[in-house]
Amino acid sequence: MTTDATSPPAAPAAIDAVPLRHPWRWVTAIVIVVVVGLFVYGAATNEAYGWATYREYLFNERVLTVGVLNTLQLTVYSMVLAVVLGVILAVMRLSPNPVLRWVSWVYLWIFRGTPIYVQLVFWGLIPTIYKNIQVGVPFGPSFFHLDVQSLSIPFVLAILGLALNEAAYMAEIIRAGISSVPEGQSEASTALGMSWTMTMRRTVLPQAMRVIIPPTGNEVISMLKTTSLVTAVPFTLDLYGITSREIAARTFEPVPLLLVAATWYLVVTSVLMVGQFYLERYFSRGASRKLTTKQLQALAQAQMGEPHP
């Protein structure tokens, strides 16, 4: 039997595919649903949770206008300051100047090597350690004098403590993002006549943001939860301080107030996660491309040698 070389190849026989069964997936799902249902039922019927108190203080004016608002302010102000300082530290780490590199490394070593709670306690003791600040000529007249103990600055100290600690982590995130961009990108931009500033703005940073955004979003969410530690400064007007220290100390019911705080942390964190998702999708444009069904069909026909309709 001979075949014509010019005739098109015969289409392959259709494959009768049988989907693989996964019965244990359904068993696992049923077990999880049962366990979760039992837990929810037990929590709903347990008087120790104090659901009546939870409903009373969930939308309490002081919790919302003082606790949630101050927590958001601490998060935003600290992260903005941390990002600015992190960029400076990242540039210092990448600098050919050994002095700048060592200064940046020592900063990261100190602030990443000590617990954030210890750092916040130290910042709270600043008015005790530095009672007076004077600026002037040594052993001569003083041009400026500030009585630190007379100031009420726990909010400012809390922001400084959070920001200086977070800057050490943001510096490494930004440095990793910049380093992830191939050097050829900068060289090509320079060959096209771009300045260093234009190269960073149009070539390096847009590509580095794909690496920087995901961990930065995680750091923002982590910062939101870390604000609950500012009671070490002490600053007690954040969400955790208002619910678990101020109101709970008055009602003697810490459990429902902890649930109130946890609920609002979850709400704000969920909003931040949605924002992070859209930011990641925006900066990942062009990084990968998913083919549509029509494109996949055209690709399969091309591989089989069939003409494209």
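Residues numbered from 1 in each chain as written. Predicted model: local features only at pLDDT ≥ 70, side-chain atom pairs only at ≥ 80, totals over all residues. Heavy atoms only, no water.

Draft legend 1. Examining the overall build of the chain more closely. Regarding its fold elements, the chain presents twelve helices and two strands. Scanning the chain from its N terminus toward the C terminus, one meets helices and strands in the order α-α-α-α-α-α-β-β-α-α-α-α-α-α. Classification of the 309 residues of the chain by burial places 29% in the buried group. Sequence separation of 24 or more characterises 71% of the internal contacts of the chain that already satisfy a separation of 6 or more. Working note: accessible area of the chain is about 20700 Å², and carbon and sulfur atoms make up 67% of it. (Helix = DSSP H or I, 4+ residues; strand = E, 2+ residues; numbered from the N terminus. Buried < 20%, exposed > 50% of the residue type's maximum accessible area, 1.4 Å probe, protein only. Contact = heavy atoms within 4.5 Å. Areas by Shrake-Rupley, 256 points an atom, 1.4 Å probe, with all protein chains shown as cover.)

Draft legend 2. Structural context of helix α7 (residues 154-179). Its 26 residues place the ends of α7 38 Å apart at the C-alpha level, agreeing with the 38 Å of an ideal helix rising 1.5 Å per residue. If you look at α7, its biggest bend is around 30°, right at alanine 167. (Expected span 1.5 Å × (residues − 1). Bend = angle between axes of the 7 residues up to and from the residue.)

Draft legend 3. Spotlight on the UniProt feature "transmembrane region" (unreviewed entry) in the chain. With numbering matched to this structure, UniProt assigns "transmembrane region" (unreviewed entry) to residues 26-44, 74-94, 106-126 and 255-279. A distance of 27 Å separates the end C-alpha atoms of residues 26-44, which is 100% helix and 0% strand. The span residues 74-94 carries 100% helix and 0% strand; its end-to-end C-alpha distance comes to 30 Å. (UniProt positions renumbered as here; feature names shortened; annotations may be inferred.)

Draft legend 4. How the structure looks around empty space enclosed by the protein. Under the defined criterion, the tally for this structure stands at one cavity of 30 Å³ or more. Of the pockets and cavities examined, the largest cavity occupies roughly 40 Å³. Of all elements in the fold, only α3 (61-94) and α11 (254-283) reach the threshold of two or more residues within the lining of the largest cavity. Taken together, the residues of the lining of the largest cavity sort by class into seven nonpolar, one polar and no charged. (1 Å grid on protein atoms, 1.4 Å probe; cavity = no way out; pocket = protein on both sides within 12 Å on 5 of 7 lines; lining within 4 Å. Points joined across faces, edges and corners; volume = space filled by probe spheres on them. Nonpolar A, V, L, I, M, F, W, Y, C, P; charged D, E, K, R; others polar.)

Draft legend 5. Structural view of the layout of surface pockets. Taken as a whole, the largest pocket encloses approximately 340 Å³ of empty space. Around the largest pocket, the lining comprises 20 residues; the ones closest to its centre are Met170, Met209, Ile212, Ile213 and Thr216. A per-element tally of the lining of the largest pocket places helix α9 (residues 196-226) first, with nine residues. Split by residue class, the lining of the largest pocket holds 16 nonpolar, four polar and no charged. Approximately 240 Å³ is the volume attributed to the second largest pocket. Val91, Leu94, Ile178, Ser179, Ser186, Thr190, Trp196, Thr199, Met200 and Val204 are the residues that line the second largest pocket. Elements with a contribution of two residues or more to the lining of the second largest pocket: α3, α7, α8 (183-191) and α9. The dominant element in the lining of the second largest pocket, judged by the number of residues it contributes, is α9, at four residues.

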